[in-house]
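Below are the chains, spelled out letter by letter.
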Amino acid sequence: MAAPRRDRLRFLAMSPERRSVLIAIVVFLGLLGIVDLVSTGPLSYFDISFLSSGGATSALAAIGQTIVVLSGGFDLSAGAVISLVNVVLAQSMDPAAAETSVLYWTCVGIGVGMLTGAFNGIFIAFFRLQPIVVTLSTMFIIQGLTLLVMDKPGGFVAPDLGMFYLGDAVTGWLPMPLVVIGIVLLAWLWLKNTRLGTAIYAVGSDPDAAAAIGIRVKLTKFLVYVIAGGCYGLAGVFISAQTGSADPLVGNPLLLSMFAAVVVGGTRLGGGRGGPLGTVFGAYILMMVVNILLVLNVSAYYSTIAEGTILILAVLAGSISYSSTLAKQIRSAGAQFSAWRNGLLPSQLDRTDRRLKLAGPTRFKPVSASFLSRNRETIRYALPAYVCLLLVIIVTQLWLGRAVLNPTYWNSLAVLSTFLAILALGQGTVILTGGLDLSVPWTIGISGILLAGIVNGSDAALTYALPAVLLIAAAIGFINGVGIVILGISPIVMTLAMNGILQGFALVYSQGTPAGFSSPMLRWFMTGKIWAVTPVVPFMVLFVVVSVLLLGRTAFGRRVYGIGNGLRAAQLSGIAVGRTLILVYVLSGFCAGLVGILLTGFSGQASLGMGDDYLLPSIAVVVVGGALITGGRGHYLGMLGGVLLLTALQMFLAGTTLPYATRAILFGLVVLGAVMALREKRS
């Protein structure tokens, strides 16, 4: 009995990083055994080689993401970089060439990745912008550039690249993908023992303390994104070797699995602990889970559900401790229950007014202030959006000649602005609390798909389909809020995982082809006319009024601003922080669901990915409207100005000969420019 006890004590005495890697290895070996059991025969070298190449792209990209996370950052542009490298290689290679230099094209791919990493690093390190906003903007810019290079699948990747990366390093014994990953891990092992490697961990643990001991924090962050970009570039080269051609969207599905691999491998979100070795095993664990599902004849549509669920469970498993948010919530619930049993809750106490009475009546002279004095800050940050809107309208009039005096233009501007105006309330309220909702795209998508499937052209069905879909969308927001507040999961991780889970549910429900279509009444509401005005326009006006009152004139709005200006201060001032945050995400889910319904009415039917184009714009309009991305500052009327500006800009671009991809590039640049112009130095 003594030996097993010593083994348990030795395991618990390990550093968290080593313990996480050991757990990942054990899980990996267990899944490998399951794969062997469910396979038609014992695993052969061919099977091992196939598995190694299947998870290599995700593993290489996740190594780069791990280095970013170790420094305390996030990189949402990783998948887009992989796609860009893929199309650059496929567009540049000569099909007539007899031989291709594998080293040259590998360097090209890594170079493209490092350049995009440098772009991220400049804004994050030297302009001190939020990594989430910068990399999200970069993601859309790169997606636009990718579509400019190649707007549909095709191109040519030399077979030599595939023969090299998918072949054997030692024939019959060692697959080349494992050698490539091994070389990257050895490079990291060397880097980890240099001053830069030490600096990465120090900056991720506490950047202020790192700066205090002489570490060059800005340079470290910059180099982190450059190195990570190189890893994404190598992943792009590898996936090009696998496919033999290009797809401008090939890297998009990898983002969720990257973060899941990082967390499963034991790297702590927030930085300072972990490493790529565990991440590699995490990537292969995810790949084998998906393969096992396929062998068991489970639809591939469940893969994103599995990845999102694994990401949430891995975050929870990695955060289990006495001081974790979940543990605190359990202790708090126990204390409240004990207080209730003993009659000590505030609601159970004697409410007799025991305040001291003043001797006589006290009169307070009200202090009057002008409208400009009361709203100076709101006007200061919201006005630029309206000034730019005026400029865009003038340019539209001069360029296209049908704007200022054309009622149809103004009606179209109002109709097309409706979707972003609604999202601005939900996403804007989340941003005001210091969070971000990345589940917006597929909340929109699944809401539209559900509505079209239930209604299927029936106006009568609309009476129960509308509340049902809105209730489901609000429930999605509720789950997000509970995960963030009760379980203590980061808003970025929780909503990213939820977005993947919703994508899987939408695919399972629709079987890849959404059925049904909008009812005539909803279609008329979005496209019909009463005189020269579409019926949705008065609804938008009413929605704007309600939104302004909700955030500016209610206790809920005051609590939202209080949380954004300081979570701890809000708690000490008596604000029900947890309850308010849950309501904030419920509101965001409700708004996204409403947009899904209206989009279905506008287009006549629902489609997969119908919400993908609204993630960055939903954030862009909030930032352009003067809100602070870290929370606490902003006004809905400013966000509305951002909505009208970006919609007018979109309408102007639609009237020109510029390609569609320029919209994504423009949105990304607008967000970066707005964040830089409106950023605030906070002590």
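In this report, the structure presented in the accompanying data block is examined. Owing to the predicted nature of the structure, the values given are computational and were not obtained by experimental measurement.

Before going further, it helps to spend a moment on the overall build of the protein chain. Along the protein chain, the regular secondary structure elements total 29 helices and 2 strands. Out of the 683 residues belonging to the protein chain, those deemed buried represent 51%. Taking contacts inside the protein chain between residues at least 6 apart in sequence as the whole, the part at least 24 apart equals 80%. Approximately 32100 Å² of the protein chain is accessible, and the part contributed by carbon and sulfur atoms is 66%.

A few words now on the packing of helix α23 (residues 536–553) against helix α26 (residues 577–603). With their axes 15 Å apart at the nearest point, α23 and α26 run at an angle of 175 degrees to one another. Accordingly, the angle class assigned to the pair α23 and α26 is roughly antiparallel. Contacts from Phe 539, Phe 543 and Leu 550 in α23 reach Leu 587, Cys 591, Leu 594 and Leu 598 in α26. Classifying every residue of the contact of α23 with α26 gives 7 nonpolar, no polar and no charged.

A few words on the nonpolar core. Looking at soluble globular proteins, one finds that nonpolar side chains tend to be buried together. Counting residues in hydrophobic clusters, the biggest one holds 190 residues, and the most contacted among them are Leu 161, Tyr 165, Leu 311, Ile 444 and Tyr 636. At 14 residues, the largest contribution of residues to this core is made by helix α18 (residues 407–432). With residues near it in sequence (within four places) discarded, Tyr 165 still touches Val 102, Thr 106, Met 176, Pro 177, Val 180, Leu 234, Val 237, Phe 238 and Ala 241. Listed in part, the 9 residues of the second largest apolar core include Val 485, Leu 581, Ile 582 and Val 586.

Let's shift gears to the packing of helix α9 (residues 195–205) against helix α11 (residues 217–243). At a minimum axis separation of 10 Å, α9 and α11 run at an interaxial angle of 105 degrees. Overall, the two elements α9 and α11 adopt an arrangement that is roughly perpendicular. Contacts from Leu 196, Ala 199, Ile 200 and Val 203 in α9 reach Val 217, Thr 220, Lys 221, Leu 223, Val 224 and Ile 227 in α11. In the contact of α9 with α11, the residues fall into 8 nonpolar, 1 polar and 1 charged.

Phi angles above zero are rare outside glycine, and Asn 456 is one such case at about 50 degrees. Looking at the element boundaries, Asn 456 is found in the loop between α19 (440–455) and α20 (462–485). For Asn 456, a relative accessible area of 44% puts it in the partly exposed group. Phi angles above zero are rare outside glycine, and Trp 531 is one such case at about 60 degrees.

If you trace the backbone, Asn 86 turns up in helix α4 (residues 78–92). The contacts of Asn 86, once residues within four sequence positions are left out, are Gly 236, Ser 240, Thr 243, Ser 245, Ala 246, Asp 247 and Val 250.

Mapping Asp 437 onto the fold places it in the loop between α18 and α19. One buried charged side chain, Asp 437, makes no salt bridge at all; its nearest oppositely charged neighbour is Arg 559, positioned 18 Å away. In terms of polar contacts, Asp 437 uses its side chain to reach the side chain of Ser 439, at 2.6 Å. Looking at Asp 437, its side chain comes within polar contact range of the side chain of Ser 588, at 2.7 Å. In contact with Asp 437, not counting residues within four places along its chain, are Gln 427, Val 430, Asn 480, Thr 495, Tyr 585, Ser 588 and Leu 615.

Attention now moves to the packing of aromatic side chains. Taken as a whole, this structure holds 15 aromatic pairs when the rule is applied. Arranged with centres 6.0 Å apart and planes meeting at 85 degrees, the rings of Trp 399 and Phe 652 form a pair that is edge-to-face. Pair noted here: Trp 399 is in helix α17 (residues 376–400) and Phe 652 is in helix α28 (residues 636–654), with a separation of 253 residues, a long-range link. Cluster of aromatic residues (ring-pair linked, three or more members): Phe 119, Phe 123 and Phe 127.

Helix length check: helix α3 (residues 45–70), at 26 residues, gives a terminal C-alpha distance of 35 Å against a target of 38 Å (1.5 Å per residue), a fit within 8%. Within α3, the axis deviates most sharply at Ala 56, by approximately 40 degrees. The element α3 is extensively covered by neighbouring structure, given that 20 of its 26 residues are classed as buried. Of the residues flanking the end of α3, it is Gly 72, one or two places downstream, whose phi is positive at about 95 degrees.

Let us now look at the environment of Ala 382. Among the secondary structure elements, Ala 382 is positioned in helix α17. For Ala 382, a relative accessible area of 9% gives the class buried. For the pair Ala 382 and Leu 637, spaced 255 residues apart in sequence, the C-alpha to C-alpha distance is 7.3 Å. Aside from chain neighbours lying at most four places away, what touches Ala 382 is Gly 625 and Gly 638.

A surface patch of nonpolar side chains, about 740 Å² in accessible area, is lined by Leu 383, Tyr 386, Val 387, Leu 390, Leu 391, Ile 394, Leu 398 and Leu 637. With 7 residues, α17 is the largest single contributor of residues to the nonpolar patch. For Tyr 386, the position within the fold is in helix α17. Using a relative accessible area of 30% as the deciding quantity, one classes Tyr 386 as partly exposed.

With that settled, the discussion passes to α23. Taking 1.5 Å as the rise per residue, α23 with 18 residues should run 26 Å; its terminal C-alpha atoms sit 25 Å apart, in good agreement. Every buried residue of α23 is accounted for by Val 536, Val 537, Met 540, Phe 543, Val 544, Ser 547 and Leu 551. Looking straight down α23, one finds that the buried residues subtend no more than 105 degrees of arc, so they occupy a single side. Counted as exposed and oriented over 90 degrees from the buried face of α23: Leu 542 and Arg 553. At its buried positions, α23 is contacted by α18, α22 (520–527), α24 (555–565), α26 and α28.

Quick look at the environment of Ile 454 now. If you trace the backbone, Ile 454 turns up in helix α19. Residue class for Ile 454 comes out partly exposed when judged on its relative accessible area of 33%. Taking the C-alpha atoms as reference points, Ile 454 and Gly 516, separated by 62 residues in sequence, lie 7.4 Å from one another. When neighbours within four sequence positions are excluded, Ile 454 is seen to be in contact with Ala 461, Tyr 464 and Ala 465.

About the thresholds
- The residue count restarts for each chain, going from 1 along the sequence in the order it is written.
- Local features in this predicted model are restricted to residues whose pLDDT is 70 or higher, and side-chain atom pairs enter the listing and the counts only when it is 80 or higher, whereas totals over whole chains, interfaces and linings include all residues.
- Only hydrogens and water are set aside when side-chain values are computed; all heavy atoms of the structure are taken into account.
- Secondary structure is summarised from DSSP: a helix means a run of H or I of at least four residues, a strand means a run of E of at least two, and numbering begins at the N terminus for each.
- The cut-offs for exposure are 20% and 50% of the maximum accessible area for each residue type, with area from a 1.4 Å probe on protein chains only; residues under the lower value are buried, those over the upper are exposed, and the others partly exposed.
- Here, residues are in contact when the closest pair of their heavy atoms is within 4.5 Å.
- Each accessible area is a Shrake-Rupley result for a 1.4 Å probe, and residues are judged covered by the shown protein chains and nothing else.
- Only the stretch in contact is used when a helix axis is fitted, and all axes are lines through C-alpha atoms; the angle between N-to-C directions ranges over 0 to 180 degrees.
- Roughly parallel covers angles under 35 degrees, roughly antiparallel covers those over 145, roughly perpendicular covers 65 to 115, and oblique covers all other angles.
- Here the term charged refers only to Asp, Glu, Lys and Arg, the term nonpolar to Ala, Val, Leu, Ile, Met, Phe, Trp, Tyr, Cys and Pro, and the term polar to all other amino acids, Gly among them.
- Definition of nonpolar core: a set of buried residues of the types Ala, Val, Leu, Ile, Met, Phe, Trp, Tyr and Cys, connected through side-chain atoms within 4.5 Å.
- Residues scored as positive are Lys and Arg, those scored as negative are Asp and Glu, and His as well as the terminal groups of each chain are ignored.
- Salt-bridge detection follows one rule: a side-chain nitrogen of Lys or Arg within 4 Å of a carboxyl oxygen of Asp or Glu.
- Counting of polar contacts relies on pairs of N or O atoms within 3.5 Å, with two restrictions inside protein: one atom must be capable of donating a hydrogen and the other of accepting it, and residues adjacent in sequence are counted only when both atoms are side-chain atoms.
- What counts as a ring pair is set by centres within 6.5 Å for rings of Phe, Tyr and Trp (its six-membered ring), and what kind of pair is set by the plane angle: stacked under 30 degrees, edge-to-face over 60, tilted for all other angles.
- Given a helix with a known number of residues, its expected span is that number minus one, times 1.5 Å.
- By definition, a residue's bend is the angle between the axes fitted to the seven residues ending there and the seven starting there.
- Excluding any residue in a salt bridge, patches collect residues exceeding 30% relative accessible area, merging like charges within 9 Å and nonpolar Val, Leu, Ile, Met, Phe, Trp and Tyr side chains within 5 Å.
- It is the directions from the helix axis to the C-beta atoms whose arc is reported.

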